[in-house]
Amino acid sequence: MTPLVVVDADVLGRRRTGDETYVLNLLRELAPLAPEAGIRVAAVTRRPELVPGGIEPVELSVPSQELRMTLLLPRLLRSLGAALGHFQYALPPVLPCPAVVTIHDLSFERDPPLMGRKDRLVFKTVVPRAARRARKVLTVSERTRRDLVELYGIPEAKIAVTPNGVDPAFRPSNSLLLGEYVLLVGAVQARKNPLAALAAAEAAGLPLVVAGPRKDEALARELERRGAELRGYVEQAELAELYRGAACLVQPSRYEGFGLPVLEAMASGTPVVAVPEPALREVAGDAAVWAEEHELADGIRRALAERERLVAAGLERAKAFSWAETARRTLAVYREAL
């Protein structure tokens, strides 16, 4: 009998930015590859209409996440006859089958004040447990792999690095016009350091546009008071246009597990200015302008002056990342875990 892998796709349709992007693109690319590997894939979600074709949608909608994880999800896995479960960050306390878990980053361990107290307590409880109980741990960067080994003592052989890819929607513009704004992509929260992006844009004489959900309302209001344009969560088509219309992307994050906006900007032909955060450097290599937080304005000026070189380097660098490769590596982990 063909083994069934059940992916927890509860993030679909919930505007969870990077986590949702990961699950949606992984499922889309798994669809044509899984049958060749002798595996069926199902996705458990409250939004079955968002599940890509070729993946079996299984609807599970419940108001309480605690009830979902502790009771309903294990019961569903048992009734489906799942051979393997795939989760993000947390595992149900009781599982009828082995599991793999994707852990994107350990920001709540490395810089605790960047997350609210309640969320931090939950993450610091469930994530190490999940990493230790899972048969395999997936992560998206060498930076997070090192953190898992150092902070949780996870054996290196148990961890597989499956970097994110870039959606074909992110492609360069045919226009030769120089963008007139600096773009920051990410949730409005302290970890993304948006006030540093605003200060750098102001010093460089350009407005700041922020695309991402308002997680910290006080911070969002401060950004607006000082002249930043907050677009909130934007759909993919609008986000692609924002990248193509920007003079550059600025990414002053205090911690990243990968840095998907950096990759999407490069694929869009948009120069990248970023702080030398380890995960961001993994993604962009020599195709970005690296500057410490207090030097970001100079970084923006340099990006404008070296635009042609940075666009070419970014487009070439982005070719190294694909969701199809992410799916292939993930399938290999499924087969090993099974």
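Structural notes, computed from the coordinates.

Definitions and cut-offs
- Residues numbered from 1 in each chain as written.
- Predicted model: local features only at pLDDT ≥ 70, side-chain atom pairs only at ≥ 80, totals over all residues.
- Heavy atoms only, no water.
- Pairing = 2+ DSSP bridges.
- Helix = DSSP H or I, 4+ residues; strand = E, 2+ residues; numbered from the N terminus.
- Axes fitted to C-alpha atoms, helices over the stretch in contact; angles between N-to-C directions.
- Contact = heavy atoms within 4.5 Å.
- Buried < 20%, exposed > 50% of the residue type's maximum accessible area, 1.4 Å probe, protein only.
- Salt bridge = Lys/Arg side-chain N within 4 Å of Asp/Glu carboxyl O.
- Core = buried A, V, L, I, M, F, W, Y, C linked by side-chain atoms within 4.5 Å.

Let's shift gears to the sheet that holds strand β7 (residues 159-161). With parallel pairing, the 7 strands of this open sheet are ordered in space as β3-β2-β1-β4-β5-β6-β7. Two strands in the sheet have a free side with no partner beyond their single neighbour: β3 (56-59) and β7. With strand direction ignored, the average angle separating the axes of adjacent strands in the sheet is 25 degrees. The strands that helix α1 (residues 18-33) touches are β1 (4-8), β2 (40-45), β4 (84-88), β5 (99-102) and β6 (136-139); relative to β4, the one it contacts most, it runs at about 150 degrees. Here helix α13 (residues 323-337) sits on the sheet and contacts β1, β4, β5, β6 and β7; the angle it forms with β6, its principal contact strand, is near 170 degrees.

Take helix α9 (residues 260-267) next. Across the 8 residues of α9, 8 count as buried, placing the element largely inside the fold. Taken residue by residue, α9 has Leu-260, Pro-261, Val-262, Leu-263, Glu-264, Ala-265, Met-266 and Ala-267 as its buried positions. Note on α9: the residue one or two positions beyond its end, Gly-269, has a positive phi of about 75 degrees.

Our next topic: the pattern of salt bridges. Summed over the entire model, instances satisfying the criterion amount to 30 salt bridges. In this structure, Glu-56 and Arg-40 form a salt bridge, with 2.9 Å as the shortest nitrogen-oxygen distance. Linking Glu-56 in strand β3 with Arg-40 in strand β2, this pair joins segments that are 16 residues apart in sequence. Take Glu-56: its relative accessible area is 31%, and that puts it in the partly exposed class. With relative accessibility at 33%, the residue Arg-40 sits in the partly exposed group. Taken together, the salt bridges that share partners define one network made up of Asp-8, Asp-10, Arg-14, Arg-46 and Arg-68.

Our focus in this paragraph is the nonpolar core. Grouped together as the largest cluster of nonpolar side chains are 89 residues, with contacts concentrated most on Leu-27, Leu-183, Leu-208, Leu-263, Met-266 and Tyr-334. A total of 7 residues in this core trace back to one element, the largest contributor, which is α1. Discounting residues that sit within four places of it in the chain, Leu-27 has contacts with Val-7, Ala-9, Leu-12, Val-41, Ala-43, Pro-52 and Ile-55. Grouped together as the second largest cluster of nonpolar side chains are 32 residues, Val-6, Ala-99, Leu-106 and Ile-159 included.

Structural measurements only, silent on function.
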